[in-house]
Amino acid sequence: MTSPPPTSLGAEPDCSIYTPSNYGPTFADLQMYGPVQFEGTMPVIVQRRPNSLSSWEDISSNFTAALVDGVGAQASLQQSRIKVTGTGSGLSQNRFYGDYEYRIIPRTGANGLKCRGVAGAPDVASFEYRFKVAYSCSDGLLGVFDMNHDHDLNAGDLSAWMSGPADFNADGAANSTDLRNLVDAVVQYQNLPQ
Ligand SMILES: [Ca+2]
Ligand SMILES: [Ca+2]
């Protein structure tokens with residue numbers, strides 16, 4: 001996985017490049033700020049959608065989660081990382097399949113993600129990890145921001161947004177923040193090597 005400059009998508013911007021020959025990563029690692037614990041097999045919810053105009057599809061049943069130690073700068077944080085691995089059947093079910101946008105959010109309640117070593121083991125603070133698995137960075141940007149579906153990102157998409165504003169960062173409001181995300185995406189797209 002390579003990490004080109006982030007898009008302005010969501011709270012956790014990311015742009016991952018995968019080639020058609022490997023279809024997407026089979027797991028995602030989520031490093032927490034401290035040790036965590038959970039009951040059951042899936043303390044997070046995994047959702048995907050083909051583009052920003054589509055509804056999220058819950059695909060949590062295609063994945064299982066394991067608790068692992070931190071690595072690198074977080075090596076001292078034991079049992080602080082959640083490894084979410086695809087276990088479904090078939091290429092589009094056993095991995096983070098290409099050309100979808102994903103989001104991972106913690107469950108709450110009995111099978112939720114809890115703070116380990118904290119009195120009462122409360123739920124972790126809510127978070128939303130979002131990423132797009134695309135065959136190229138340009139495709140990733142197009143998939144989310146190509147408002148007028150002409151396979152280009154330019155001023156036409158800004159006009160289309162003005163006519164029908166979209167909520168890119170999923171905060172429930174289509175407003176100037178989303179417009180700024182779109183402008184950033186247009187600039188980034190125009191600057192990509194062609
Ligand atoms: Ca367009
Ligand atoms: Ca918004």
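Residues numbered from 1 in each chain as written. Chains lettered and ligands numbered in written order. Predicted model: local features only at pLDDT ≥ 70, side-chain atom pairs only at ≥ 80, totals over all residues.

Visitor: How would you explain the overall build of the protein if you had to name every residue and give the values?
Guide: Along the backbone of the protein there are three helices and 10 strands. Helices (α) and strands (β) of the protein occur, in sequence order from the N terminus, as β-β-β-β-β-β-β-β-β-β-α-α-α. For the protein, buried positions account for 30% of its 194 residues. Within the protein, counting contacts between residues at least 6 apart in sequence, those at least 24 apart form 62% of the total. (Helix = DSSP H or I, 4+ residues; strand = E, 2+ residues; numbered from the N terminus. Buried ≥ 20, exposed ≤ 12 C-beta atoms within 10 Å, placed from the backbone. Contact = placed C-beta atoms within 7 Å.)

Visitor: Can you tell me about the nonpolar core, naming the residues and giving the values?
Guide: By size, the foremost hydrophobic cluster in this structure holds 20 residues, and its most contacted members are V44, V46, V84, Y102, I104 and V133. Contributing elements (two or more residues each) for this core: β4 (44-49), β6 (63-68), β7 (81-86), β8 (100-106) and β10 (129-134). Judged by nonpolar contacts, the second largest core, of 11 residues, contains L153, F168, L182 and Y189. (Core = buried A, V, L, I, M, F, W, Y, C linked by C-beta atoms within 7 Å.)

Visitor: Outline the pairing of β7, supporting the account with residue identities and numerical values.
Guide: Residues I82, V84 and G86 point to one face of β7 and are all buried, whereas R81, K83 and T85, pointing to the other face, are not buried. With five bridges connecting them, strand β2 (residues 27-31) and β7 associate as antiparallel partners. From the neighbouring strand, D29 faces β7, where its bridge partner is K83. (Pairing = 2+ DSSP bridges.)

Visitor: An account of the environment of S92 is needed here, citing residue identities and associated values.
Guide: Inspection of the secondary structure puts S92 in the loop between β7 and β8. What makes S92 partly exposed here is the crowd of 17 C-beta atoms within 10 Å. Note: C-alpha distance between S92 and G24 (68 residues apart in sequence) is 9.0 Å.

Visitor: A description of the environment of V187 should follow, citing residues and the corresponding values.
Guide: Within the element layout of this structure, V187 appears in helix α3 (residues 176-191). A sequence separation of 34 residues divides V187 from L153, and the C-alpha atoms of the two residues are 8.5 Å apart.

Visitor: Describe the sheet that holds β2, and please don't skip the residues or the numbers.
Guide: Ordered by their spatial adjacency, three strands build an open sheet running β2-β7-β6, and the pairing between neighbours is antiparallel. Looking at strand neighbours, the two that pair on one side only are β2 and β6, the edges of this open sheet. The sheet shows a mean angle of 20 degrees between the axes of neighbouring strands, taken without regard to direction. (Axes fitted to C-alpha atoms, helices over the stretch in contact; angles between N-to-C directions.)

Visitor: Any details on α3? Residues and values, ideally.
Guide: Between its first and last C-alpha atoms α3 spans 22 Å; for 16 residues at 1.5 Å apiece the expected length is 22 Å, and the two agree. Looking at α3, one finds that the buried residues are D178, N181, L182, A185, Q188 and Y189. Taken around the axis of α3, the buried residues stretch over an arc of 130 degrees, which confines them to a single face. Structural note: α3 exposes S176, V187, Q190 and N191 on the side pointing more than 90 degrees away from its buried face. (Expected span 1.5 Å × (residues − 1). Arc of directions from axis to C-beta.)

Visitor: Run through the environment of S89, naming residues and quoting values.
Guide: Among the structural elements, S89 can be located in the loop between β7 and β8. Here the alpha-carbon distance between S89 and N62, two residues 27 residues apart in the chain, equals 7.9 Å.

Visitor: Residue-level account of unusual backbone geometry, with values.
Guide: Despite not being glycine, H149 shows a phi value in the positive range, around 55 degrees. Here H149 is to be found in the loop between α1 (137-145) and α2 (155-163). Of note, H151 is a non-glycine position whose phi angle comes to about 60 degrees, a positive value. Summarising the element assignment, H151 is placed in the loop between α1 and α2.

Visitor: Residue-level account of the packing of α2 against α3, with values.
Guide: Contact geometry of α2 with α3 gives a least axis separation of 10 Å together with a crossing angle of 165 degrees. When the interaxial angle is binned, α2 and α3 end up roughly antiparallel. By crossing handedness, the relation of α2 to α3 is classed as right-handed. Along its contact with α2, which presents D157, L158 and W161, the element α3 presents L179, L182, V183 and V186. (Parallel < 35°, antiparallel > 145°, perpendicular 65-115°, else oblique. Left-handed = near helix turned anticlockwise from the far one by under 90°.)

Visitor: Tell me about the confidence of the model for the protein, and please be specific about residues and values.
Guide: Low-pLDDT stretches of the model should not have their predicted coordinates read in fine detail. Residues with a pLDDT of 70 or more make up 86% of the protein, whose mean pLDDT is 84. In the model of the protein, strand β1 (residues 16-17) stands out as the element of lowest mean pLDDT, 52, in contrast to strand β5 (residues 57-58), which has the highest, 97. Counting interchain partners and residues more than four positions distant, the pLDDT-below-50 stretch residues 1-14 has 37 contacts. (pLDDT = per-residue confidence, 0-100.)

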